[in-house]
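Secondary and tertiary structure notes
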Amino acid sequence: MRLRRILASVAVALALWSWPVAAPHPIARPFIAPETPYAAGHRGVDIRASAGSDVRAPADGVVHFAGFVVDRPVISIRHAGGVLSSFEPVEPIVATGDRVTRGDVIGTLLPGHCASPCLHLGARIDGGYVNPLLFLGGLERAVLYPLE
């Protein structure tokens, strides 16, 4: 059942997400899944972009959080299918509870996450981290061959 929900969420998101920053979209650091929920990993992708760039909602949703986590400004958006996107370091121009539409500006990228400015984009489905490139079409489809 959980796998079906994940696949359904991914299918919905694949048709709806757009990149949150303007092109090009060089990945500074890829998603690295942790071995366990509490193990080391990189629970998102870092996308190089200029400080001061607009950060946009990748899909329709409701702002779940806009504020500080420890010492950095973070925005998260709740989307259909149990999907939550997160963005940092972003100075928000939205507030918790605001409705956003794909492409709406949600904030401004600040320096500080990478050596040169980048946006950290995270994605969760029902609380579990997944590679955000699944929603942006940035991953090739896996092809399984028979074991013969």
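Note that the structure is a prediction, hence the values are computed from the model and not measured.

Cut-offs and rules
Residues numbered from 1 in each chain as written. Predicted model: local features only at pLDDT ≥ 70, side-chain atom pairs only at ≥ 80, totals over all residues. Heavy atoms only, no water. Pairing = 2+ DSSP bridges. Helix = DSSP H or I, 4+ residues; strand = E, 2+ residues; numbered from the N terminus. Axes fitted to C-alpha atoms, helices over the stretch in contact; angles between N-to-C directions. Core = buried A, V, L, I, M, F, W, Y, C linked by side-chain atoms within 4.5 Å. Buried < 20%, exposed > 50% of the residue type's maximum accessible area, 1.4 Å probe, protein only. Contact = heavy atoms within 4.5 Å.

Turning to the sheet that holds strand S7 (residues 90-92), a few remarks are in order. If you trace the three strands from one edge of the open sheet to the other, you get S3-S9-S7, paired in antiparallel fashion. Taken across any chain shown, the strands that pair with only one partner, and hence form the sheet edges, are strand S3 (54-56) and S7. Averaged over all pairs of adjacent strands, the angle between their axes in this sheet comes to 40 degrees, without regard to strand direction. Pairing geometry for S7 and strand S9 (residues 105-109), over three bridges, is antiparallel. Within the sheet, the bridge partner assigned to Glu91 lies in S9 and is Thr108.

The biggest cluster of nonpolar side chains holds 27 residues, and the ones touching the most others in it are Val55, Ile75, Phe87 and Ile106. Put simply, the parts of the chain that give this core at least two residues each are strand S2 (45-48), strand S5 (72-79), strand S6 (83-88), S9, strand S10 (118-125) and helix H2 (133-136). In terms of residue count, the dominant contributor to this core is S10 (four residues). Phe87 has contacts with Pro20, Val55, Arg56, Pro58, Pro73, Val74, Ile75, Ile77, Ile106, Leu119, His120 and Leu121, leaving out every residue within four places of it along the chain.

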